[in-house]
Amino acid sequence: MDVERTALPGIGLRYEFGTERGRRMGVVTHRSGRRELIVYDPDDPDSTSECVVLSGEEANVLAELLGGARIVERLAELERQADGLVSRQVRIHDGSPFDHRTLGDTQARSRTGASIVAVVRHGEVIASPRPDFRFETGDVVVVIGTEDGTNAVESLLANG
Amino acid sequence: MVLFELGGVILGLGVLSAVAGRFGISPIPLYLLAGLGFGLGGVAPLDAAEGFIEVGGEIGVVLLLFVLGLEYTVGELFGTMRKGAPVGVLDLVINAAPGVGIALLLGWGPVAAMVMGGVTYVTSSGVTAKVLGDLGWLGNRETPTVLSILVMEDLAMALYLPIVTTLLAGLALAQASLGLAIAAAAVTVALLIAAKFGGIVEAFLRSPSNEILVLKVLGLVLLIAGLAEHVHVSAAVGAFLVGITLSGELAHSARELIAPLKDVFAAIFFVAFGLQTDPETLPPVLGIAVALAVVGIATKMTTGWVAARRAGVGSTGALRAGTLLIPRGEFSIVIAGLAVTSKMVDPKLGPLVAAYVLVLIVLGPLLSRLVEPVAKGRRRRKRKAAAKQRQDSLAESIG
């Protein structure tokens, strides 16, 4: 997908792209952190027909809704596909014995039967972390397995 | 008594600004009118506070240009210049011409012609940027073109202001050319510093607390502005150049800290300009000002139209671009202010510019607002026509 970037001197940057169904839309990013969501007029490609002004925080929430919701959707889909399989998100709390230790150290799969399939750190998804992946406080660990297995991983990450 | 008068004026400006905000217009014309009301021959002359307002007005110009300079990075300035030069030249020629012409017609001489050329040339970037934001036009195709014209005008001002200040200082030819040489050198050095050594200035200014940062920035700006004035480059230009030197995170925090100060002193600056103008001198020049304003609308519409069409924008966008360039404001007043205080030009120049700016700063945004319903109507008609055509061809294929 092509995203066109235009400098707006003195204001910031403008990004635009066309959707598959033929609409053009984009985002104006101000240096002040303000964001504008713009939708172009279908009959006149020069003009914006809608312009929604968002604060930095509102823009983040919108981004999360558009991007983050997709992960949850996929997980829900996975659960539907395999009966009895549960996905759970476990946060690494301050004081967890695995803070600053690697995924390999937990031996989670051999001890509980459940798998750690992804870690969400600072809003970014690290899919299929390798055994040398090192946990940090605040990481959200995505676990898939049976009900008992995922519960066991949760208590394992909290108490060792 | 100073505090009482000053408080009254500033509170009054606050109320006026609220009124302007209510109707979605720029408060600048109201500030000017307030100044006219208080000044020579006005309804409530200020005696005690006048000295402060004068100095405050000077600080206002300096901060106005400093914040403007902060908006731009050197890369942007040079990049825009390379791309938009032909449009920039057209903008300069057809918009400065009416001002130069009227000054010569009135027999005010070459210096006044130079001043009036600047007054009619330069669009108020502050008002235009606000209109763009208010109307949600930042995404429109013609917007980068309009903004690049504003950037070029600001850069032209950085070169124009020192020249005009030298001329207004009334120096002998040899002295004047020396002054010009110094001015040109100062501008070049400042741009070079900004391009190559911006980091050093930023390292000096970087501060752990807002208090330290605001003191350092304000001090540096006033110091450089004063220095610039001393070598006959205007104080405003010095401040503008300091603004350009700063960029990135530092420019961002400096802008946030200085913005409230700028708002206060810029408002005082417009009052100070109004104060210098006797309302009784306005009616005699009103006819000329209106005629000049009509020409000014036509020339800016032409500039915007040509610039937008060159960038491949349709007619609606080209119309919008034209109206966006109409408002003249802070820069025109700054130029006229320099001329009036130097006493080198006809005393009628001040009132003429005041009236000219009053007309265009009100009409410009109004015309911009008018373009949209007209354009929307046209798009709707087009859409209906297309729908009807589809229907007809459908009916044909069935029948």
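Above: the structure in question.
Model, not experiment: these values are computed from the prediction. (Residues numbered from 1 in each chain as written. Chains lettered and ligands numbered in written order. Predicted model: local features only at pLDDT ≥ 70, side-chain atom pairs only at ≥ 80, totals over all residues. Heavy atoms only, no water.)

### Considerations on the interface of chain B and chain A
- Between chain B and chain A, the residue contacts involve 24 residues of the former and 26 residues of the latter.
- Summing both sides of the interface, chain B and chain A together bury roughly 2000 Å²; the carbon and sulfur share of this comes to 46%.
- On the chain B side of the interface with chain A, the three residues burying the most area are Leu 138, Arg 141 and Arg 379 of chain B, jointly 31% of the side's total.
- For the pair chain B and chain A, the interface holds two salt bridges.
- Two residues, Arg 141 of chain B and Asp 46 of chain A, come together in a salt bridge whose shortest N-O distance is 4.0 Å. (Contact = heavy atoms within 4.5 Å. Buried area = accessible area lost by both parts, 1.4 Å probe. Salt bridge = Lys/Arg side-chain N within 4 Å of Asp/Glu carboxyl O.)

### So, the packing of helix H9 (residues 210–230) of chain B against helix H10 (residues 235–245) of chain B
Residue and element names in this part refer to chain B.
- Between H9 and H10, the shortest axis-to-axis distance is 7 Å and the interhelical angle comes to 135 degrees. Comparing the axis directions of H9 and H10 gives the class oblique. Remark: the crossing between H9 and H10 carries right-handed chirality. For the pair formed by H9 and H10, the contact residues are Leu 220, Val 221, Ile 224, Ala 225, Ala 228 and Glu 229 on the first element and Ala 235, Gly 238, Ala 239 and Val 242 on the second.
- Residues of the contact of H9 with H10, tallied by class, amount to eight nonpolar, one polar and one charged. (Axes fitted to C-alpha atoms, helices over the stretch in contact; angles between N-to-C directions. Helix = DSSP H or I, 4+ residues; strand = E, 2+ residues; numbered from the N terminus. Parallel < 35°, antiparallel > 145°, perpendicular 65-115°, else oblique. Left-handed = near helix turned anticlockwise from the far one by under 90°. Nonpolar A, V, L, I, M, F, W, Y, C, P; charged D, E, K, R; others polar.)

### Overview of a negative patch on the surface
Residue and element names in this part refer to chain B.
- Taken together, the side chains of Asp 47, Glu 50, Glu 54, Glu 58 and Glu 229 make up a negatively charged region of the molecular surface.
- The greatest single-element share of the negative patch, amounting to three residues, is contributed by helix H3 (residues 50–70).
- With respect to the helices and strands, Asp 47 occurs in the loop between helix H2 (28–38) and H3. (Patch = residues over 30% accessible without salt bridge, like charges linked within 9 Å, V, L, I, M, F, W, Y side chains within 5 Å. Areas by Shrake-Rupley, 256 points an atom, 1.4 Å probe, with all protein chains shown as cover. Lys, Arg positive; Asp, Glu negative; His and termini not counted. Charge placed at Lys NZ, Arg CZ, Asp CG, Glu CD.)

Interpretation note: all reported values are geometric properties and have no functional meaning in isolation.
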